[in-house]
Amino acid sequence: MERNRLKNMDVALRLFLDAVAPTDRTERIPLEDADNRVLCKDITAPLDYPHYDQCILDGYAVRAEDTVGCSARNAKAMLPVKKGRVREGLCVSVHTGSAMPPGADALVPLEDVTEKDGRVLVLKEVKKREWVWSRGEGIAAGGVVLREGMQLKPTDIAMLAKVGMTHVDVYDKPRVLIIPTGDECVRRDASLGPGFVYEVNGLMCCLLVKRYGGNPTLHDIVPDDRGRLADALTGCREHDLVVTIGGSSAGKRDLMGRVVSSIGQVMYHGVAFHPGNHMGAGLIGVAEEVRPVAFLPGYTESCAVSAFMFVDPAIRKIGHYPPSQYGREPVQLTGDMSTPVGIRAVRKVNVRDGRARQVKLIAESADPGRYAYIVVPEETSLIESGQTAEAVYLE
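Note that residues are indexed from 1 along each chain, following the sequence as it is written. Given that this is a predicted model, residues contribute local features only at a pLDDT of at least 70 and side-chain atom pairs are listed and counted only at 80 or more, while totals for whole chains, interfaces and linings are drawn from all residues. Derived side-chain values reflect all non-hydrogen atoms in the structure, with water molecules and hydrogen atoms excluded from consideration.

### As for the packing of aromatic side chains
Both the distance between ring centres and the angle between the ring planes are used here to describe each pair of aromatic rings.
Then, number 1: Here a pair means two rings of Phe, Tyr or Trp (six-membered ring of Trp) with centres within 6.5 Å. Their orientation is stacked below 30 degrees between planes, edge-to-face above 60, and tilted elsewhere. Within the structure shown, the criterion is met by four aromatic pairs.
Then, number 2: Ring centres of Phe308 and Tyr373 lie 5.2 Å apart, and the angle between their planes is 70 degrees; this geometry places the pair in the edge-to-face category. Of this pair, Phe308 sits in helix H6 (residues 300-318) while Tyr373 sits in strand E26 (residues 370-376), placing them 65 residues apart in sequence. We note that Phe308, like Tyr373, is buried.
Then, number 3: An aromatic cluster is present here, built from Phe16, Phe273 and Phe310 joined pairwise through their rings. Labels follow the DSSP assignment, with helices taken as runs of H or I lasting at least four residues and strands as runs of E lasting at least two, numbered in each case from the N terminus. Per-residue accessibility, obtained with a 1.4 Å probe over protein chains only, is compared with the maximum for each type, and a residue is labelled buried under 20%, exposed over 50%, and partly exposed between these values.

This is the structure in structure tokens:
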């Protein structure tokens, strides 16, 4: 594929994402399944939180006016009672989370009292409502707990449970149809003869789609036949995104661009990044049934990088997810890293103690340490050994 015909990476991604629409499907799910899901509407509290006047610390519930002037030199003795209304000169032992007894309006922490002769000596004055979380002070009934578009985390889900919720309304997960292709591909449970390879890219893409928050469907392997490829592509009406694997290069059996063009529109075929420059994108279907399709190369390294760069952000837009926030760190290269000029390159590295050694994307991942990727910009053709680069943890 001629380099001057390759689409700039940023332009290609923008065109692809412009063709991707956020889903309007929603579903109600149990809180137990809500981690990382995105709210489709504001959540209002069905009750006050807390729903009673709550003690914040262990200590004694008192009337604040009874503690006026109390200090270490001017302790005031109070009579502890186990229950009933707190009246002048009385106190009740309470624990964190206890309900404030009737008549009490403040709490004296344990560290500010001593006990002597069956009495509680208060050593510090407290103000009314001190160390008390009043009913509805966190969230009043009817108030917004969490807003639409928020991606739920375990602490958010705990808050929903605190106000008595058991289910929550969220956007449906993006539905992604993954179509592996190629006469040379066989199922992983089949016998492997010369000239044939196990189909593994579909498995890899399914796992990546799940990580990105999507719901993948893996199609059976489709041979290099225009009619059967077209039939597989047109069976995507229940999906938000189609990802094909293989058939995107320039050989006689690389049919995907022509097939997409015959049933829809190819936006571009060839992107200036490596590995993966043979990928393309288009639209298939008509009117309300149009679906975006990304056709990825069959070479596993190229397929993986294409998925990192295009499938991830597409799923995030469809599912209303926030952009991916991958961990990054500066690393020192242990060897030269050369890349084609004018092409954005993605290289895998093994990171140990702040030093990064370039490795093959698929075949060299057995050593200890962490594995990350260095994205080399188009204007750079060489990062020399000893120089610092930014490692991104895309997996």
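### Let's talk about the nonpolar core
Then, number 1: Leu241, Leu296, Phe308, Phe310 and Val311 are the most contacted members of the largest nonpolar core, which has 43 residues in total.
Then, number 2: Those elements that place two or more of their residues in this core are helix H1 (9-18), strand E13 (175-180), helix H3 (201-212), strand E17 (241-245), strand E21 (291-296) and H6.
Then, number 3: The contact rule is simple, with two residues in contact once any of their heavy atoms fall within 4.5 Å. Those residues in contact with Val311, other than ones at most four positions away along the chain, are Val209, Tyr212, Leu241, Val243, Leu296 and Ser306.
Then, number 4: In plain words, nonpolar cores are sets of buried Ala, Val, Leu, Ile, Met, Phe, Trp, Tyr and Cys residues tied together by side-chain atoms within 4.5 Å. In this structure, Ile29, Tyr49, Ile139 and Leu160 belong to the second largest nonpolar core, which totals 18 residues.

### Some words on the pairing of strand E9 (residues 119-122)
Then, number 1: Residues Val120 and Val122 line the buried face of E9, whereas the alternating positions Arg119 and Leu121 sit on a face that is not buried.
Then, number 2: Pairing between two strands requires that DSSP report at least two bridges joining them. The pairing of strand E5 (residues 76-81) with E9 spans three bridges and is antiparallel. The residue of E9 that forms the bridge with Ala77 is Leu121.
Then, number 3: In the sheet, strand E8 (residues 113-116) pairs with E9 via four bridges, with the strands oriented antiparallel. Within E9, the position partnered with Thr114 by the bridge is Leu121.
Then, number 4: If you look at the hairpin formed by E8 and E9, you'll find two residues sitting between the two strands, and Asp117 has a positive phi there, around 55 degrees.

### Quick word on the packing of helix H4 (residues 226-233) against helix H5 (residues 256-263)
Then, number 1: Following both chains from N to C, one finds H4 and H5 inclined at 60 degrees, their axes separated by 10 Å at the closest point. Overall, the two elements H4 and H5 adopt an arrangement that is oblique. Remark: the crossing between H4 and H5 carries right-handed chirality. Contact residues: H4 offers Arg226, Leu229, Ala230 and Leu233, while H5 offers Met256, Arg258, Val259, Val260, Ser262 and Ile263.
Then, number 2: Residue polarity is assigned by list, with Asp, Glu, Lys and Arg as charged and Ala, Val, Leu, Ile, Met, Phe, Trp, Tyr, Cys and Pro as nonpolar; anything else, Gly included, falls into the polar class. For the contact of H4 with H5, the residue count by class is seven nonpolar, one polar and two charged. For helices, the fitted axis covers only the stretch in contact; all axes are lines through C-alpha atoms, and the angles between them, taken along N-to-C directions, range from 0 to 180 degrees. By the definition adopted for this analysis, an angle is roughly parallel if under 35 degrees, roughly antiparallel if over 145, roughly perpendicular if from 65 to 115, and oblique otherwise. Each helix crossing is assigned a hand: it is left-handed if the near helix lies turned anticlockwise from the far helix by less than a right angle, otherwise right-handed if that turn is clockwise.

### Brief notes about the pairing of E13
Then, number 1: Burial analysis of E13 places five of its six residues in the buried class, which makes it a mostly covered element.
Then, number 2: For E13 and strand E16 (residues 215-218), the ladder comprises four bridges, and the chain directions are parallel. Residue pairing in the sheet places Ile178 in a bridge with Leu218 of E16.
Then, number 3: Of the strand pairs in this sheet, E13 and E17 are connected by five bridges, and their pairing is parallel.

### Quick word on the pattern of salt bridges
Then, number 1: Basic side-chain nitrogens of Lys or Arg form a salt bridge, by our definition, when they fall within 4 Å of a carboxyl oxygen of Asp or Glu. Counted according to the given criterion, the structure contains 20 salt bridges.
Then, number 2: One salt-bridge network, in which partners are shared between bridges, spans Arg25, Asp172, Arg175 and Asp240.

### Remarks on the environment of Val311
Then, number 1: One can find Val311 in helix H6.
Then, number 2: The class for Val311 is buried, based on a relative accessible area of 3%.
Then, number 3: Here the alpha-carbon distance between Val311 and Val209, two residues 102 residues apart in the chain, equals 7.6 Å.

### Description of the confidence of the model for the chain
Then, number 1: Per-residue confidence from the prediction method is given by pLDDT, with values spanning 0 to 100. Here the chain shows a mean pLDDT of 93. Residues at 70 or above account for 98%.
Then, number 2: For the chain, strand E14 (residues 185-186) is the element with the lowest average pLDDT, namely 88, and strand E1 (residues 26-30) is the one with the highest, namely 98.

### Observations regarding the sheet that holds E17
Then, number 1: An order of E16-E13-E17-E21-E20-E18 is seen for the six strands of this open sheet, with the pairing classed as mixed. Across the chains shown, the open sheet's two edge strands, defined by having one partner strand only, are E16 and strand E18 (264-269). Along the sheet, successive strands turn relative to each other by an average axial angle of 20 degrees, direction set aside.
Then, number 2: In the packing of H1 onto the sheet, the strands contacted are E17, E18, strand E20 (280-284) and E21, and the crossing angle to E18 comes to about 160 degrees.
Then, number 3: Of the strands in this sheet, E13, E16, E17 and E21 touch H3, which is tilted by about 165 degrees from E16.

### Focus: H3
Then, number 1: With 12 residues, H3 extends 16 Å from end C-alpha to end C-alpha; this agrees with the ideal 16 Å at 1.5 Å per step.
Then, number 2: Listed as buried for H3 are Asn201, Gly202, Met204, Cys205, Cys206, Leu208, Val209 and Tyr212.
Then, number 3: Contacts from the buried residues of H3 go to E13, E16, E17, E21 and H6.
Then, number 4: Once H3 ends, the next one or two residues include Gly213, with phi positive near 100 degrees. To estimate how far a helix should reach, multiply one less than its number of residues by 1.5 Å.

### Comments concerning the environment of Ser134
Then, number 1: The topology assignment puts Ser134 in the loop between strand E10 (132-133) and strand E11 (144-146).
Then, number 2: Each C-alpha atom of the pair Ser134 and His51 lies 8.5 Å from the other, and the pair is 83 residues apart in sequence.
Then, number 3: With sequence-adjacent residues up to four places away left out, Ser134 is seen in contact with Pro50, Tyr52, Asp53 and Arg129.
Then, number 4: What qualifies as a polar contact is a pair of N or O atoms within 3.5 Å, subject to a donor-acceptor requirement within protein and to the restriction that residues adjacent in sequence count only when both atoms come from side chains. Engagement of the side chain of Ser134 in a polar contact is seen with the side chain of Arg129, the distance being 3.0 Å.

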